[in-house]
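A look at the structure
Next come the chains, spelled out residue by residue.
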Amino acid sequence: MTGLSDTMPDSAEPDGNELLNRAIEAYYSDVAKAVGRRSPSQNSALDIVHDLYIKLSSQPEVLRDKRSIKAFLCRAAVNLGIDRYRREQFEARLFTSMEQEVHQVPASSEAPDNRLETEARLRVLCEAIGELPVRRRAVFILHRLHHLTPDEIAARLNISRNMVDRHLRRALTHCLDCLLQMD
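Residues numbered from 1 in each chain as written. Predicted model: local features only at pLDDT ≥ 70, side-chain atom pairs only at ≥ 80, totals over all residues. Heavy atoms only, no water.

The protein chain is annotated in an unreviewed UniProt entry as RNA polymerase sigma factor of Roseibium aggregatum. Of the comments in the UniProt record for the protein chain, the one headed Sequence similarities (unreviewed entry) reads "Belongs to the sigma-70 factor family. ECF subfamily." (UniProt positions renumbered as here; feature names shortened; annotations may be inferred.)

In structure tokens:
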């Protein structure tokens, strides 16, 4: 426990949570800098460090046998950042391809029943959006109608980027489920 043993009495071995808390406090800026070198925004880097803390808090004993707690925390945070980036890229490709497919569907103005079906689908979609919890609806509207990025939404609503992603996924899933029930 290099660096942390100086602050602990010789007779007392800290429990896992205390060790985690002390390690995060001691190395927070170093871990954030390690993630920040690979992350586009400082807020995103801080969110990743927070996510690492939450993840490790369910299993803090993992720090006990590490030769360098600082190196472990930095590597784990960087790996979380890589995972987040990959997930964001996957979601971006998934939703972008869906939007492109929607725009490629030819409009047929000849059939009056198509217009009725479109109006019915819009009503269902409006109802689905109205059913969303207030925060989720705000995230959805800011993203889909106002075209704000998840980082901008997180800053505006004072929530984490991870929470914005979660709200968007759940809102899109809810709207899609409502539309599929219509068929």
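Text resumes after the structure shown.
For the rest of this paragraph, the subject is the confidence of the model for the protein chain. Per-residue confidence for the protein chain gives a mean pLDDT of 82; residues scoring 70 or more make up 81%. Ignoring residues within four places in sequence, the model shows residues 5-11, a span with pLDDT below 50, making 5 contacts including any to other chains. (pLDDT = per-residue confidence, 0-100. Contact = heavy atoms within 4.5 Å.)

Moving on, we come to a positive patch on the surface. Together, Lys33, Arg37, Arg38 and Arg75 give the surface a local cluster of positive charge. Note on placement: Arg75 falls in helix α3 (residues 69-104). Judged by relative accessible area, which is 44%, Arg75 ranks as partly exposed. (Patch = residues over 30% accessible without salt bridge, like charges linked within 9 Å, V, L, I, M, F, W, Y side chains within 5 Å. Areas by Shrake-Rupley, 256 points an atom, 1.4 Å probe, with all protein chains shown as cover. Salt bridge = Lys/Arg side-chain N within 4 Å of Asp/Glu carboxyl O. Lys, Arg positive; Asp, Glu negative; His and termini not counted. Charge placed at Lys NZ, Arg CZ, Asp CG, Glu CD. Helix = DSSP H or I, 4+ residues; strand = E, 2+ residues; numbered from the N terminus. Buried < 20%, exposed > 50% of the residue type's maximum accessible area, 1.4 Å probe, protein only.)

For the structure on display, the rule yields 6 salt bridges. Close ionic contact of Arg22 with Glu18 constitutes a salt bridge, the shortest N to O distance being 2.5 Å. Note that Arg22 and Glu18 are positioned in helix α1 (residues 16-36) at a spacing of 4 residues, about one turn of the helix. Through salt bridges that share partners, Arg87, Asp151, Arg161 and Asp165 make up one connected network.

Here we take up helix α6 (residues 150-157). Buried within α6 are the following residues: Pro150, Ile153 and Ala154. End-on, the buried residues of α6 take up no more than an arc of 100 degrees, which puts them together on one face. More than 90 degrees from the buried face of α6, the exposed residues found are Ala155 and Arg156. Those residues of α6 that are buried lie in contact with α5 (134-144) and α7 (161-182). Where α6 terminates, the next one or two residues include Asn158, which has phi positive at roughly 55 degrees. (Arc of directions from axis to C-beta.)

It is worth spelling out the environment of Leu157 at this point. Along the chain, the position of Leu157 falls in helix α6. Here the alpha-carbon distance between Leu157 and Arg135, two residues 22 residues apart in the chain, equals 8.5 Å. Residues contacting Leu157, with those up to four places away along its chain left out, are Arg135, Ala138, Val139 and Leu142.

To continue, consider the nonpolar core. Among the nonpolar cores identified, the biggest contains 22 residues, and Val31, Leu52, Leu63, Ile69 and Leu73 are the most heavily contacted of them. No other element matches the 9 residues that α1 contributes to this core. (Core = buried A, V, L, I, M, F, W, Y, C linked by side-chain atoms within 4.5 Å.)

Before going further, it helps to examine the side chain of Asn162. Its place among the elements puts Asn162 in helix α7. Here Asn162 is in contact with Asp47, Asp51, Arg84 and Arg87, once residues within four sequence places are set aside.

Before going further, it helps to spend a moment on the side chain of Arg84. In this structure, Arg84 sits in helix α3. Here Asp51 takes part through its side chain, which lies 2.7 Å from a polar atom of the side chain of Arg84. Those residues in contact with Arg84 that lie beyond four places of it in its chain are Ser44, Asp47, Ile48, Asp51, Arg161 and Asn162. (Polar contact = N/O pair within 3.5 Å; in protein donor to acceptor, adjacent residues only side chain to side chain.)

Scanning the model with the defined rule gives 0 disulfides in all. Here Cys126 stays unpaired: no disulfide links it, and the sulfur of Cys175, its closest cysteine neighbor, is 9.5 Å away. Given a relative accessible area of 54%, Cys126 falls into the exposed group. Free cysteine: Cys175, not disulfide-bonded; nearest cysteine sulfur from Cys178 at 6.6 Å. Residue classification places Cys175 among the buried residues on the basis of a relative accessible area of 6%. (Disulfide = S-S within 2.5 Å.)

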